[in-house]
Amino acid sequence: MFEEGIRRKALYGDDNVYDFSLGNPIIEPPSEFKLILSQLANDTGSGRHAYMPNAGYAETRQAVADYLTRHNQRRFSSSDIVMTVGAGGALNVILKTILDPNDEVIIPSPYFVEYNFYLENHQGVPMIVGTRSDFSLDLNAIDEAFTEKTKAVLINSPNNPTGKVYSEEELRELGRLLNEQSQRFGRPVYLISDEPYRKIVYDGIEVPSIFNIYKESFVATSFSKDLSLPGERIGYAAVNPDILEKDLIVDGMVLSNRILGYVNAPALMQRAIIGLLDVSVEVSLYQKKRDMLCAGLTSLGYQYVKPQGAFYLFPKSPIEDDVEFVSALKEENVLTVPGSGFGCPGHFRIAYCVPDSVIERSMTGFGKAIKRYV
Ligand SMILES: Cc1ncc(COP(=O)(O)O)c(C=O)c1O
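Keep in mind it's a predicted model, so treat the numbers as computed, not measured. (Residues numbered from 1 in each chain as written. Predicted model: local features only at pLDDT ≥ 70, side-chain atom pairs only at ≥ 80, totals over all residues. Heavy atoms only, no water.)

Things to note about the site of the ligand
In the vicinity of the ligand there are 13 residues, among which Asp 194, Tyr 197, Ser 222, Ser 224 and Arg 233 approach most closely. Within the backbone of Ala 87, an N or O atom sits 2.9 Å from an oxygen atom of the ligand. Within the side chain of Asp 194, one N or O atom sits 2.5 Å away from a nitrogen atom of the ligand. Alone, the ligand offers 390 Å² of accessible surface; in the complex the protein occludes 90% of this. (Near = heavy atom within 4 Å. Polar contact = N/O pair within 3.5 Å; in protein donor to acceptor, adjacent residues only side chain to side chain. Areas by Shrake-Rupley, 256 points an atom, 1.4 Å probe, with all protein chains shown as cover.)

Given below as structure tokens:
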């Protein structure tokens, strides 16, 4: 779709193509980032661009640990943190560490498309389970999906593509299930929480901490979305300070970081984010975009669950065949992604991290496409 966007823009002009296909943040990084970057550029100390311990700079890991201690009911130390090449790097580091060939990972759908590939990288097997009609966790379906090969459950909240934020109550229930299954198998079943959108939430909602809920847990995250730095490839993996066999697990993660080919997270960005942990882009700008899009689509007759976070909307396709509907939108130069790609046919994803004017001007196309079918 992204390539199609480029082709169509060349044909019809930039202003006449409404590209909602990619989660590439539109808002520029905060001014604090640019200030810190210029200070770091003038830092004449030696060894600033050299190799470092594979887990990352000690001071960056300590700063992240202090941040997590402030935001969770757990005390983190630098040894609980591995700096990674984005959230994607963090997920791969975690998966390589915990998975043996043919181990299963339970993933609620819809899910981030790359998860299947990440699992394949480490010979893991995705066990996809549906969610409820409001995209909350279907805990019965998760419970039924456990087998003796289950190594982990992988969740993503705020969710791409639905914008759903899982409630404290459903996460506690998930934690209870995981404890039960861990006891049944006599070994931990891990919870991995993919959280690059944690700070992008609306209407005062808070994302509950899985660290407070379940001991055998990991968080994978990045600064790609909340600081608008996806091209800079900076993130981290954090382990629950109370996880069993922590030293062995963290050693495995550090080795994975090295041998997956990343070696370490980018040096300059590790130094930059030390002073940016409490900073984020202006989230209200995304909330405004969500509200504009929701109001416009409601008036045209689209149905959707209102997103609580991230910058995606996942409406129902007005016809069963989401691929056909996405093609109909494409004919109006409105580019979206079919829900089947996220393991959830009958829907489509709109990434609304685009200028307000694109949302406004796209409404004619959204209107024409739905009128063809209803
Ligand atoms: C749910 C989810 N997880 C992970 C990633 C990867 O993030 P990063 O670019 O920080 O590797 C993305 C990126 O879009 C995402 O949406």
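Regarding the nonpolar core
Counting residues in each nonpolar core, the largest one holds 47 residues, and the members touching the most others are Ile 155, Leu 174 and Tyr 236. Of all the secondary structure elements, the ones that give two or more residues to this core are helix 2 (31-41), helix 3 (58-71), strand 2 (81-84), helix 6 (139-145), strand 5 (150-156), helix 7 (168-185), strand 8 (235-239) and helix 9 (267-273). Ignoring sequence-local partners within four residues, the contact set of Ile 155 consists of Pro 108, Tyr 115, Leu 137, Tyr 166, Leu 171, Leu 174, Leu 191, Ile 192, Ser 193, Asp 194 and Ile 210. Membership of the second largest hydrophobic core comes to 34 residues, among which are Ile 27, Tyr 352, Phe 366 and Ala 369. (Core = buried A, V, L, I, M, F, W, Y, C linked by side-chain atoms within 4.5 Å. Buried < 20%, exposed > 50% of the residue type's maximum accessible area, 1.4 Å probe, protein only. Helix = DSSP H or I, 4+ residues; strand = E, 2+ residues; numbered from the N terminus. Contact = heavy atoms within 4.5 Å.)

Observations regarding the sheet that holds strand 2
Here we have seven strands laid out as an open sheet, ordered 2-8-7-6-5-3-4, and mixed in their pairing. Looking along the sheet, the strands with just one partner apiece sit at the ends: strand 2 and strand 4 (125-129). Each strand of the sheet is rotated relative to its neighbour by a mean of 20 degrees, with strand direction disregarded. With three bridges connecting them, strand 3 (residues 104-108) and strand 5 associate as parallel partners. By the bridge assignment for strand 5, Ile 106 is matched with Val 153. (Pairing = 2+ DSSP bridges. Axes fitted to C-alpha atoms, helices over the stretch in contact; angles between N-to-C directions.)

So, the pattern of salt bridges
Taken as a whole, this structure holds 22 salt bridges when the rule is applied. In this structure, the salt-bridge partner of Arg 198 is Glu 195, at a minimum N-O distance of 2.8 Å. The exposure class assigned to Arg 198 is partly exposed, which follows from its relative accessible area of 28%. You can call Glu 195 buried: its relative accessible area is 5%. Connected through shared salt-bridge partners, Glu 4, Arg 7 and Arg 8 make up one network. (Salt bridge = Lys/Arg side-chain N within 4 Å of Asp/Glu carboxyl O.)

Re the packing of helix 10 (residues 283-300) against helix 12 (residues 356-371)
A pair of packed helices can be characterised by two numbers: the angle between their axes and the separation between those axes. In contact at an axis separation of 10 Å, helix 10 and helix 12 are set at 20 degrees when each is read in the N-to-C sense. Between helix 10 and helix 12, the interaxial angle falls into the category roughly parallel. Here helix 10 and helix 12 pass one another in a crossing that is right-handed. Across from Lys 288, Lys 289, Met 292, Leu 293, Gly 296, Leu 297 and Leu 300 in helix 10, the residues of helix 12 making contact are Asp 356, Ile 359, Glu 360, Met 363, Phe 366, Gly 367 and Ile 370. Of the residues contributing to the contact of helix 10 with helix 12, the split by class is eight nonpolar, two polar and four charged. (Parallel < 35°, antiparallel > 145°, perpendicular 65-115°, else oblique. Left-handed = near helix turned anticlockwise from the far one by under 90°. Nonpolar A, V, L, I, M, F, W, Y, C, P; charged D, E, K, R; others polar.)

Description of the sheet that holds strand 9 (residues 312-313)
Remark on secondary structure: sheet strands pair via backbone hydrogen bonds, oriented parallel or antiparallel. Here we have three strands laid out as an open sheet, ordered 9-12-11, and antiparallel in their pairing. For this open sheet the edge positions go to strand 9 and strand 11 (337-338), each flanked by a neighbour on one side alone. Examined bridge by bridge, strand 11 and strand 12 (residues 348-351) share two bridges and lie antiparallel to one another. Bridging from a neighbouring strand, Pro 338 pairs with Phe 348 of strand 12.

Some details on the pairing of strand 5
A large share of strand 5 lies buried, amounting to seven of its seven residues. The pairing of strand 5 with strand 6 (residues 190-194) spans five bridges and is classified as parallel. In the sheet register, Asn 156 faces strand 6, and the bridge partner there is Asp 194. With helix 7 bridging strand 5 and the parallel strand 6, this β-α-β connection has right-handed handedness. (Right-handed = clockwise from strand over helix to strand, strands pointing away.)

A closer look at a nonpolar patch on the surface
A surface patch of nonpolar side chains, amounting to about 270 Å² of accessible area, comprises Phe 2, Ile 6 and Leu 22. Mapped onto the fold, Ile 6 is located in helix 1 (residues 2-12). (Patch = residues over 30% accessible without salt bridge, like charges linked within 9 Å, V, L, I, M, F, W, Y side chains within 5 Å.)

Looking at helix 4 (residues 86-98)
Taking 1.5 Å per residue as the helical rise, helix 4 with its 13 residues ought to reach 18 Å, and the 19 Å between its terminal C-alpha atoms agrees with that figure. Of all the 13 residues making up helix 4, eleven are buried; the element is thus mostly covered by neighbouring parts of the structure. Of all the positions in helix 4, only Gly 86, Ala 87, Gly 88, Gly 89, Ala 90, Leu 91, Asn 92, Val 93, Ile 94, Leu 95 and Ile 98 are classed as buried. (Expected span 1.5 Å × (residues − 1).)

Structural notes on unusual backbone geometry
With glycine set apart, most residues show a phi of negative sign, and most peptide bonds adopt trans. Note the cis peptide between Ser 109 and Pro 110, where omega equals 0 degrees. Of note, Pro 110 is situated in the loop between strand 3 and helix 5 (114-121). In the segment running from Asn 160 into Pro 161, the intervening peptide bond is cis, with an omega of 25 degrees. Relative to the helices and strands, Pro 161 resides in the loop between strand 5 and helix 7. A positive phi angle, close to 55 degrees, is found at Gln 123, a residue other than glycine. For Gln 123, the position within the fold is in the loop between helix 5 and strand 4. One non-glycine residue with positive phi stands out, namely Asn 333, at about 65 degrees. As for its placement among the helices and strands, Asn 333 is situated in the loop between helix 11 (322-331) and strand 10 (334-335).

None of the figures reported here should be taken as evidence of function without further support.
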